Amino acid sequence: MPSPDSVRSVSEPAPASRRSKITPERAQELYTAVLDLLRESGYESLTMEGVAARTRCGKSTLYRQWGSKPELVVAALHGTRRMRLPDIDTGTLAGDLLEAARAIGEASGRDTPLMHALSHAALQSPELLCALREALILPEIAAIDAMVRRARARGDIAADLPGAEYVAAQLLGVMRARPLLEGRYADAAYLCRFVEKAILPGLGLGLTTEAPAGALTDGDPGTPES
């Protein structure tokens, strides 16, 4: 028998009995609370009761609208999806990647705990994994890949440069890995240094544009995790 927390396909419309008069603004409040609770305590500790208490929303309303915890989390990820790398085009690949590093690093303190909180559960749920990728990962991969394509079109890098296809994996991967390896978030300063010293040399590039503020400082490389 399926678990009551089994996730319905995200493309399947909710039954009419689920629909309620929750406004888009109220839904955003609920989604924000869900993600905050995930960051604070992790997926296993998240409960519909806890969400109801945090948001002063009736538990029955949550179940009527979303049916289960996994479905609510999927909705929260989709409902809060946003682009962190909008319209970055400095004219050089080095400049683009440094701007991307700054933008990703500024959000790292919120997004890294969320990815860690959901990683294990996502491996058990295709729908949850899909929502996590669509909300936090795929938009940034697409944006970084677009920067690389523009660089190829301009002739900044060779069309067949072997390392170009791994730029997004490097930048996004180190954001996830640094807390595990060093106990610190990959903040903007750290990610900009990583771009300068690890990614650009592999692309045969140096700094050809002014780095974002704080990118090349030698100060404290991140805040220790609590």
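Scoring rules and cut-offs
- Residues numbered from 1 in each chain as written.
- Predicted model: local features only at pLDDT ≥ 70, side-chain atom pairs only at ≥ 80, totals over all residues.
- Heavy atoms only, no water.
- Helix = DSSP H or I, 4+ residues; strand = E, 2+ residues; numbered from the N terminus.
- Buried < 20%, exposed > 50% of the residue type's maximum accessible area, 1.4 Å probe, protein only.
- Contact = heavy atoms within 4.5 Å.
- Areas by Shrake-Rupley, 256 points an atom, 1.4 Å probe, with all protein chains shown as cover.
- Phe/Tyr/Trp six-rings, centres within 6.5 Å; stacked < 30°, edge-to-face > 60°.
- Lys NZ or Arg CZ within 6 Å of the ring centre and 35° of its normal.

Enquirer: Outline the overall build of the protein, supporting the account with residue identities and numerical values.
Expert: Helix and strand counts for the protein stand at 8 helices and 0 strands. When the 226 residues of the protein are sorted by exposure, 44% land in the buried category. Partitioning the contacts of the protein with sequence separation of at least 6, the portion at a separation of at least 24 is 72%. Here the protein displays about 11600 Å² of accessible surface, and carbon together with sulfur accounts for 53% of that area.

Enquirer: I'd like to hear about the packing of aromatic side chains, residue by residue, with values.
Expert: Scanning the model with the defined rule gives 1 aromatic pair in all. Geometry around Tyr43 places Lys69 over its ring, the cationic atom sitting 4.2 Å from the centre. Between Arg178 and the ring centre of Tyr190, over which it is positioned, the NZ or CZ distance is 3.8 Å.

Enquirer: Break down the environment of Ala177 for me, with residues and values.
Expert: For Ala177, the position within the fold is in helix H7 (residues 167-182). When its relative accessible area of 26% is taken as the criterion, Ala177 is described as partly exposed. Between the C-alpha atom of Ala177 and that of Thr112, which follows or precedes it by 65 residues, the distance is 9.4 Å.

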